[in-house]
Amino acid sequence: MTRKSEDAGRSTIRDVAARAGVSASTVSRVLGGVYPVSASTRSRVLRAVRDLDYVADARAKAVAGVGTPTLAFVLEDITGPSFAHMAYGVEREARRLGHLCLVCTTEGDVQHEVEFVEMMRAQRAAAVILVGGSADTPEYRERTRRMADSLASAGSRLVLCGRPPLGPGAPVTVIEYDNEGGAYALVAHVLAQGHQRVLFLGGGADHTTAQGRERGYLAAHRARGLDPDPALVLHGDFTRDSGHRLMRGAMKQGLEFTAVVAATDMVAAGALTALHEAGLTVPGDISLAGYDDIPFARDLYPALTTVHVPYEELGRLAVRTALGRTPEHPDEHLLLGTHVVVRNSVAPKA
């Protein structure tokens, strides 16, 4: 058996060079594939790599600018169906373009996010894609601008998907979907069925995605000359449990409503369970609509009327735009459309 380097406990590039009878720099050229070498030299190096079971240090390759190019996809929680579909789009498009996709979940830890972005900068990732809404505060803008500048200085790119933009001049790509417009169209559809008291189960009051959907809810009412009752706007988060809790609380308070619009399909699923537990039928007693059009929305009973968000295409576009940018367009802001999907959970007001 070949004796491996005692220092690292495994073969090094110098071991490979010695076995092949070449310099360490020649081994690097062969493995990097970016400099021409003779066929016989390449063959000797690759045979030595196999004999020694040599594995190149990914960090060293990144610093050298060789190896498989990478990009990173950073989000708070990958278990949510909508983000999972976006991750799928990112990975598929990255693979098509010859890039390795790394996924990081932060669980809302801002410092973890910053540290991961810096790690990707050190490894010369082609782009870092940050996903999901956030509180649009001066601290957020300052922190994100620092990350964008840091990545840009290393030849990388920060992409914001569904996050607040940073303003003109920032070296970022911003890709959004029409959050407010989708909510407006959905609520307009519900109001057109004769409902005037529509309960809104929203997300966090300071969350930009939740704010956009709430603005659409309010604007749709005002466009029809209606003044929405503030008591019918409830805040929670984007989970099934939040929808269940808010729905039960609304019924316990005795709030009067004939329809419910939930900020996400997951929230709507929780609300649907609470309504069933209370002996109410959908849409016979209460109409219900969601947002996102995640796959199980069509399998609920009744099938859920919702807003379709092109999450997979959003992920693909984030990759294509980040990797295909040109110096003539240092900052980009793209907006994707949404549309209402009418199913069976909304009916005319009795």
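Owing to the predicted nature of the structure, the values given are computational and were not obtained by experimental measurement.

> For this particular structure, what's the right way to read the packing of helix α6 (residues 110-122) against helix α7 (residues 138-153)?
Packed helix pairs are characterised by how far apart their axes lie and by the angle those axes make with each other. Packing of α6 against α7 leaves a shortest axis separation of 9 Å and a crossing angle of 10 degrees. In terms of axis orientation, α6 runs roughly parallel to α7. Listed contacts from α7 to Val 110, Glu 113, Val 114, Val 117, Glu 118 and Arg 121 of α6 are Arg 143, Met 147, Ser 150, Leu 151 and Ser 153. When the residues that make up the contact of α6 with α7 are grouped by side-chain class, the tally is five nonpolar, two polar and four charged.

> Is there a simple way to think about unusual backbone geometry in this case?
Outside of glycine, negative phi angles account for most residues, and trans bonds account for most peptide bonds. In this structure, Pro 283 follows Val 282 across a cis peptide bond, with omega equal to 5 degrees. In this fold, Pro 283 is placed in the loop between α11 (265-277) and β9 (287-289). Tyr 301 connects to Pro 302 through a cis peptide bond whose omega is 0 degrees. Of note, Pro 302 is situated in the loop between β9 and β10 (306-308). In this structure, Glu 107 takes a positive phi of about 55 degrees despite not being glycine. Residues other than glycine seldom take positive phi values, yet Asp 292 does so here, at roughly 125 degrees. Topologically, Asp 292 is positioned in the loop between β9 and β10. Accessibility expressed as a relative area gives 6% for Asp 292, which makes it buried.

> Looking at this model, I keep getting lost on helix α5 (residues 81-96). Mind explaining?
Helical geometry note: an α-helix holds 3.6 residues per turn, so side chains three or four residues apart project in the same direction. Here α5 is 16 residues long and its end C-alpha atoms lie 23 Å apart, about the 22 Å a rise of 1.5 Å per residue gives. Taken as a whole, α5 has its buried residues at Ser 82, Met 86, Ala 87, Gly 89, Val 90, Glu 93 and Ala 94. Buried residues of α5, viewed axially, fall in a sector of 160 degrees; they line one side. Exposed residues pointing more than 90 degrees away from the buried face of α5 are listed as Arg 95 and Arg 96. The elements touched by buried residues of α5 are β1 (70-75), β2 (100-105), β3 (127-131), β4 (158-161) and α12 (311-323). In the segment just after α5, Gly 98 is the residue with positive phi, at about 80 degrees.

Each value, and the rule that gives it
Residues numbered from 1 in each chain as written. Predicted model: local features only at pLDDT ≥ 70, side-chain atom pairs only at ≥ 80, totals over all residues. Heavy atoms only, no water. Axes fitted to C-alpha atoms, helices over the stretch in contact; angles between N-to-C directions. Helix = DSSP H or I, 4+ residues; strand = E, 2+ residues; numbered from the N terminus. Parallel < 35°, antiparallel > 145°, perpendicular 65-115°, else oblique. Contact = heavy atoms within 4.5 Å. Nonpolar A, V, L, I, M, F, W, Y, C, P; charged D, E, K, R; others polar. Buried < 20%, exposed > 50% of the residue type's maximum accessible area, 1.4 Å probe, protein only. Expected span 1.5 Å × (residues − 1). Arc of directions from axis to C-beta.

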